[in-house]
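# Fold and contact review
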Amino acid sequence: MYHLTEAYLMASLICLTAGYLGALVFGSGVVAPLVVRTLGEQTGGRLLRAYWPRYHGFAVVAGTLIMLFTAFGSAFSAVPSVYALLVVSLSGLMTLCFLAGWRLIPAINRARDEGNQAAFVRLHRLDVVLVTCGMLFALAVVVALVYVLPGQFTFWPTA
C-alpha cells in the first residue's frame, strides 16, 4: 500500500475510534445522570431501560467494525504483524466487554422487577465494570494507533 494512503487510513481509524470512545463516554457519563435528574427515578428509569440495550448494541456493532477494519487493514499494512495483532486483540477485547454487558441487561432488569436489590446492585456493578473496561480498551486502541502513526514510516523497506 502506498505509504501516504496508509497514513491517511490510519489517521481516519484513529478519528473513528476516538469518536466512538467519545460517544460511549458521553452516552454513559452524561446522558444517564441527566435523564434521571431531569425526569425523575420512575420516568427516567423507563427511558433508560430502553436506552441501555441500544447503547450496548451500538458499542458492540461499532467495536466489531473497528476490529474488522484493523484486522483487514493489517494485511495490507507495513506495520509489523505483532503490533497489528495487538491492535486487533485490543479491539476484540473492547467488543467482548460490551457484548458481555449487553447480555447482562435482561438479568439486571429482571432483578429490578423482582425487587431483588442485592442481585440488581451486583449485576449493575458488573455491567459498569465491563463498560469501563471496554472504554479503557478503546482508549488503548487509540493510544496504540497514535503511537505507531508517526513512526510507521520507519517500517517500510528503503530499497
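Keep in mind that what you see is a predicted model, and the values were worked out from it rather than measured. (Residues numbered from 1 in each chain as written. Predicted model: local features only at pLDDT ≥ 70, side-chain atom pairs only at ≥ 80, totals over all residues. Heavy atoms only, no water.)

### Considerations on the packing of aromatic side chains
- All chains considered together, the criterion is met by 5 aromatic pairs.
- Ring centres 6.0 Å apart and planes at 45° place the aromatic pair Tyr 20 and Phe 58 in the tilted group.
- Looking at Tyr 20, the relative accessible area reads 4%, which means it is buried.
- With a centroid separation of 5.1 Å and 85° between ring planes, the pair formed by Trp 52 and Tyr 55 is classed as edge-to-face. Within this pair, Trp 52 and its partner Tyr 55 are both found in helix α1 (residues 3-74), separated by 3 residues, close to a single helical turn.
- On the basis of relative accessible area, Tyr 55 is assigned to the buried category, the value being 5%.
- Members of the aromatic cluster, connected to one another through ring pairs, are Tyr 51, Trp 52 and Tyr 55. (Phe/Tyr/Trp six-rings, centres within 6.5 Å; stacked < 30°, edge-to-face > 60°. Buried < 20%, exposed > 50% of the residue type's maximum accessible area, 1.4 Å probe, protein only. Helix = DSSP H or I, 4+ residues; strand = E, 2+ residues; numbered from the N terminus.)

### Comments concerning the pattern of salt bridges
- Scanning all chains against the criterion turns up 2 salt bridges.
- Residues Arg 112 and Glu 41 are paired through a salt bridge, measuring 3.1 Å at the closest nitrogen-oxygen approach. One end of the pair, Arg 112, is in helix α2 (residues 81-114); the other, Glu 41, is in helix α1, and 71 residues separate them in sequence.
- For Glu 41, a relative accessible area of 52% translates into the label exposed. (Salt bridge = Lys/Arg side-chain N within 4 Å of Asp/Glu carboxyl O.)

### With respect to the environment of Leu 85
- Relative to the assigned elements, Leu 85 resides in helix α2.
- In this structure the C-alpha to C-alpha distance between Leu 85 and Ala 71, which are 14 residues apart in sequence, comes to 7.9 Å.

### Section: the environment of Gly 92
- With respect to the element layout, Gly 92 can be found in helix α2.
- In this structure the C-alpha to C-alpha distance between Gly 92 and Ala 62, which are 30 residues apart in sequence, comes to 11 Å.

### So, α2
- With 34 residues, α2 should cover 50 Å at 1.5 Å per step; its first-to-last C-alpha distance of 50 Å lies within 8% of that length.
- Its axis deflected by about 30° at Leu 104, α2 carries its strongest bend there, up to four residues before the proline Pro 106.
- A positive backbone phi angle near 80° is found at Gly 115, which sits one or two residues after α2. (Expected span 1.5 Å × (residues − 1). Bend = angle between axes of the 7 residues up to and from the residue.)

### Overview of the confidence of the model for the chain
- For the chain, the average pLDDT comes to 88, and 92% of its residues sit at 70 or higher.
- Per-element averaging of pLDDT across the chain places α1 at the bottom with 89 and α2 at the top with 94. (pLDDT = per-residue confidence, 0-100.)

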